[in-house]
Amino acid sequence: MNREVRVRFAPSPTGALHIGGVRTALYNYLFARKTGGKFLLRIEDTDQTRFVPGAEEYIQEALNWLGIDPDESPWNPGAVGPYRQSERKPMYMQYAMDLVEKGHAYYAFDTAEELEAMRQRLTAARVVSPQYNSITRTQMKNSLTLPEDEVKARLESGEPYVIRIKIPRKEEVRLNDLIRGWVMVHSSTLDDKVLMKSDGMPTYHLANIVDDHLMGITHVIRGEEWLPSAPLHVLLYRYFGWEDTMPEFAHLPLLLKPDGNGKLSKRDADKHGFPVFPMDWKDPNSGETAMGFREQGYLPDAFLNFLAFLGWNPGDHRELFTMEELIEAFSIERIGKSGTKFDINKAKWYNEQYLRAKPDEDLAKYLVEDLQAEGLVVDESKAAQIAHIMKERATFPADLWKEGKFMFVAPNTFDESVVSKRWNNDAVAVLTSYEEKLSAFADSLSPESAKSLLEEAASDNGIKLGKVMQAVRLAVTGVGAGPDLMAVFSIIGKDELISRIRFALNNLEVNTP
Ligand code: GLU
């Protein structure tokens, strides 16, 4: 029987959600929507020592910003809650005990000092990675080595203990990963991981498997860093007797540094000045802040589109996808095996595409807001005209104001390099006649009339317009490059244009070499 697809995103609230985590959430979401299944969010907060206040709220807000909406979550619970592991604490012990009873797990009483002594002994004997495993456990204090009555007495006296899985000594563990194919691991390389900690909390491994089972998870889609844990998880499913409903696994390729050497980290972000978190994050412990895509001016739909392509592609040349289109096109088969290099320029490219596709009226709102912050007032329709000519040159909404400031504020400085190259007698002659023509022009200025008056001014002086065009731009905007100049003239209007030309003519000096 085909079960309804149920997938989950299971972050630990240990800090800001890294971009890799957001991608994991997105792929789970797309897969659920594509298959008509359910997308769950479970907070894995069993490690109380790593709990960071605000991290859970951050996860919620980031997913909300991107429209990755869980069908079931701590904030919108379904039938299989609670959705925070700390609130599920009382249910785990019985499962650990079940494994102890079946002989697949055991009590261990070793103190921190004894464990350290074992590590040192093994290191001295040149064991590369000292582990508590099928060999070393025979020399430790646990219910496999101690007499039964002593174990009982220790448990009854309240002595602290952990429960470890008993990994078989010689067994091949196989799993068929949907992305990587068959993965085979020999059990001799696995250690007897702790399942239940001495504080009565389950470890990640136990809680994760028990919860995936109880929550009816059919596919585990998660980062490649969890692949080494997968054989242990397969053994747990087997020992619990849940193999027939074991989820399928899909381990997503790593996100790599821009040069492809190693995993993308926050340090790369600091070094290159780009974000690796969806939103700004202030670490409550260190007080350190990390920048987010949202605050840097990335639009949610552009960021989402960028994220989807970090490891997946539709198999053709299309690059621009709405969420609906992603759902339609998504498949696990098209997720790559190898790591994906992180390229911030691609993120910017997506942002530019989405920005340009937005209606001018929407962009005008950003501009009006930024202007208000500067104490400037502009009406929406003028702001929309400005947004229209500026958007081709903008990567972020804030660029509309930054790059378009000259539309509102006349320049009082002029780019020296353009002045020295372009400000000459021809430019002065053309601009002088242009100013006269504009003053005599009765109508309001359209881009066409602005242009034909300028062409007349050039031909009256017997000068080719192309030769002085950059100087004309300089006089009005202060710089040598920018958006369509005639559109600029028409938007700032005749009076402002005349006053700027006069100011330039009065203040700029022709260099006579
Ligand atoms: N809590 C784990 C994490 O933070 C979940 C790993 C998994 O999906 O199994 O990534």
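Residues numbered from 1 in each chain as written. Predicted model: local features only at pLDDT ≥ 70, side-chain atom pairs only at ≥ 80, totals over all residues. Heavy atoms only, no water.

### A word on unusual backbone geometry
For clarity, the threshold we go by: Put simply, DSSP marks the helices as runs of H or I at least four residues long and the strands as runs of E at least two long, and each gets a number from the N terminus on. Each residue gets one of three labels from its accessible area relative to the maximum for its type: buried under 20%, exposed over 50%, partly exposed in between, using a 1.4 Å probe on protein chains only.
Omega for the bond connecting G81 with P82 falls within 30 degrees of zero, at -5°, which places this linkage in the cis form. Structurally, P82 is set in the loop between α2 (55-66) and α3 (92-101). In this structure, R126 takes a positive phi of about 65° despite not being glycine. With respect to the element layout, R126 can be found in the loop between α4 (112-124) and α5 (148-156). Look at R126 and you get exposed, because its relative accessible area is 75%.

### Digging into the pairing of strand β6 (residues 181-186)
Put simply, the rule reads: When DSSP finds two or more bridges between a pair of strands, those strands are recorded as paired.
With 6 bridges connecting them, strand β5 (residues 172-177) and β6 associate as antiparallel partners. Directly across from N176, in β6, lies its bridge partner W182. Here β5 hands over to β6 after 3 residues, the two strands then running antiparallel side by side.

### Re the packing of helix α17 (residues 425-440) against helix α21 (residues 494-507)
Condition: Whenever a helix is involved, its axis is fitted only over the stretch in contact; in every case the axis is a line through C-alpha atoms, and angles between N-to-C directions fall within 0 to 180 degrees. In what follows, roughly perpendicular refers to angles from 65 to 115 degrees, roughly parallel to angles under 35, roughly antiparallel to angles over 145, and oblique to any angle outside these ranges. Crossing handedness is defined as follows: a turn of the near helix away from the far one that is anticlockwise and smaller than a right angle gives a left-handed crossing, while the clockwise case is right-handed. Between two residues, a contact is recorded if the distance between any of their heavy atoms is within 4.5 Å. Residue polarity follows a fixed list, in which Ala, Val, Leu, Ile, Met, Phe, Trp, Tyr, Cys and Pro are nonpolar, Asp, Glu, Lys and Arg are charged, and the others, Gly among them, are polar.
Two numbers describe how α17 lies on α21: the axes approach to 10 Å, and their chain directions differ by 150°. With respect to α21, the element α17 is oriented roughly antiparallel. Once α17 is placed against α21, the crossing between them reads as left-handed. Taken together, the residues of α21 that come into contact with α17 (itself represented by V428, L431, T432, Y434, E435, L438 and S439) are K494, L497, I498, I501, R502 and L505. Taken together, the residues of the contact of α17 with α21 sort by class into 8 nonpolar, 2 polar and 3 charged.

### Some words on the site of the ligand
Test applied: If even one non-hydrogen atom of a residue comes within 4 Å of a molecule or strand, that residue is called near it. Polar contacts, as used here, are pairs of N or O atoms within 3.5 Å; protein pairs need one atom able to donate a hydrogen and one able to accept it. Residues neighboring in sequence count only if both atoms are side-chain atoms. Only the protein chains shown count as cover for residues, and the accessible areas themselves come from Shrake-Rupley with a 1.4 Å probe. Residues are said to line a cavity or pocket when one of their atoms sits within 4 Å of a point; the points come from a 1 Å grid over protein atoms alone, cavities being sets where a 1.4 Å probe fits but cannot get out and pockets being open sets with protein on both sides within 12 Å along at least five of seven lines. Assignment of a molecule to a cavity or pocket requires that more than half of its atoms lie within 2 Å of the corresponding grid points.
Around the ligand, the neighbouring residues are R8, A10, S12, E44, Y204, N208, R222 and W226. A distance of 3.1 Å is found between a nitrogen atom of the ligand and a side-chain nitrogen or oxygen belonging to S12. With respect to the ligand, the side chain of N208 contributes an N or O atom lying 3.2 Å from an oxygen atom. Out of a free accessible area of 300 Å², the ligand has 84% covered by protein chains. Placement of the ligand is best described as lying within the largest pocket.

### Notes on the sheet that holds strand β4 (residues 162-165)
The strand order across the open sheet built from 3 strands is β3-β4-β7, with neighbouring strands paired in antiparallel fashion. The open sheet has two free edges, formed respectively by β3 (105-108) and β7 (194-196), since each of these has just one partner strand. Each strand of the sheet is rotated relative to its neighbour by a mean of 45°, with strand direction disregarded. Where β3 and β4 come together, 4 bridges link them in antiparallel fashion. By the bridge assignment for β4, Y106 is matched with R164.

### Let's talk about the UniProt feature "domain: Glutamyl/glutaminyl-tRNA synthetase class Ib catalytic" (unreviewed entry) in the protein
Rule in force here: UniProt positions are given in the numbering used here, feature names are shortened, and annotations may be inferred rather than shown by experiment.
Residues annotated by UniProt as "domain: Glutamyl/glutaminyl-tRNA synthetase class Ib catalytic" (unreviewed entry) correspond here to residues 4-349. Between the first and last C-alpha atoms of residues 4-349 the distance is 38 Å; the span itself is 34% helix and 14% strand.

### Remarks on the UniProt feature "binding site: ATP" (unreviewed entry) in the protein
When the UniProt feature table is mapped onto this chain, "binding site: ATP" (unreviewed entry) is found at K266. Mapped onto the fold, K266 is located in helix α8 (residues 266-272). Residues contacting K266, with those up to four places away along its chain left out, are V276, F277, E288 and A290.

### Observations regarding the layout of surface pockets
Our working rule: Grid points are joined across faces, edges and corners, and a volume is the space filled by probe spheres set on the points.
When its volume is computed, the largest pocket comes out at roughly 1,100 Å³. Secondary structure elements with two or more residues in the lining of the largest pocket: β1 (6-9), α1 (19-35), α6 (204-214) and β8 (219-223). Ranked by residue count, the leading element in the lining of the largest pocket is α1, at 4 residues. Residues that form the lining of the largest pocket fall into these classes: 18 nonpolar, 13 polar and 12 charged. Taken as a whole, the second largest pocket holds about 400 Å³ of empty space. If you trace the second largest pocket, you find 19 residues lining it, with L115, V162, R164, V194 and K197 closest to the centre. Taken together, the residues that form the lining of the second largest pocket break down as 8 nonpolar, 3 polar and 8 charged.

### Things to note about the nonpolar core
This is how the line gets drawn: Among the buried residues, those of types Ala, Val, Leu, Ile, Met, Phe, Trp, Tyr and Cys that are joined through side-chain atoms within 4.5 Å form a nonpolar core.
Counting residues in each nonpolar core, the largest one holds 119 residues, and the members touching the most others are I19, I68, F293, W423, Y434 and F489. Looking at which element gives the most residues to this core, the answer is α1, with 9 residues. Among the nonpolar cores identified, the runner-up in size contains 40 residues, and Y83, Y92, A230 and L232 belong to it.

### Some words on the packing of aromatic side chains
Here the distance between the centres and the angle between the planes together describe a pair of aromatic rings. Keep this limit in mind: Each pair of aromatic rings taken from Phe, Tyr and Trp, with Trp reduced to its six-membered ring, is defined by centres within 6.5 Å and is described as stacked if the planes are under 30 degrees apart, edge-to-face if over 60, and tilted in the remaining cases.
Following the criterion strictly, the structure yields 25 aromatic pairs and no others. With a centroid separation of 5.8 Å and 65° between ring planes, the pair formed by Y95 and W242 is classed as edge-to-face. Of the two residues, Y95 is situated in helix α3 and W242 in the loop between α7 (230-240) and β9 (248-252); the sequence distance between them amounts to 147 residues. The class of W242 is buried, set by a relative accessible area of 11%. Centroid distance Y434 to F489: 6.3 Å. Interplanar angle 40°. Geometry classified as tilted. Remark: F489 occurs in helix α20 (residues 485-492) and Y434 occurs in helix α17; sequence separation between them is 55 residues.

### Here's the deal with the environment of V151
Position of V151 relative to the elements: it lies in helix α5. Along the primary structure V151 and F109 are separated by 42 residues, whereas in three dimensions their C-alpha atoms are 9.0 Å apart. Beyond its immediate stretch of four places on either side in the chain, V151 contacts Y107, F109, S143 and L146.

### Things to note about a negative patch on the surface
Which entries qualify depends on this criterion: Here a patch means residues that are over 30% exposed by relative accessible area and free of salt bridges, tied together within 9 Å if like-charged and within 5 Å if nonpolar (Val, Leu, Ile, Met, Phe, Trp, Tyr). Put simply, a salt bridge is a Lys or Arg side-chain nitrogen that is within 4 Å of an Asp or Glu carboxyl oxygen. Neither His nor the chain ends is counted toward charge; the positive residues are Lys and Arg and the negative residues Asp and Glu. Lysine's charge is taken at NZ, arginine's at CZ, aspartate's at CG and glutamate's at CD.
On the surface, a cluster of negative charge is made up of E361, D362, D379 and E380. By the secondary structure assignment, E380 is in helix α14 (residues 380-390).

### Looking at the pattern of salt bridges
Any two side chains of opposite charge can pair, so long as their charged atoms come close to each other. Under the counting rule described, the total for this entry stands at 34 salt bridges. Salt-bridge contacts for E319 lead to K346; the nearest nitrogen and oxygen are separated by 2.7 Å. Of the two residues, E319 sits in the loop between α10 (300-308) and α11 (323-329) while K346 sits in helix α12 (residues 344-357), which places them 27 residues apart along the sequence. Of the residues examined, K346 reaches a relative accessible area of 28% and is grouped as partly exposed.

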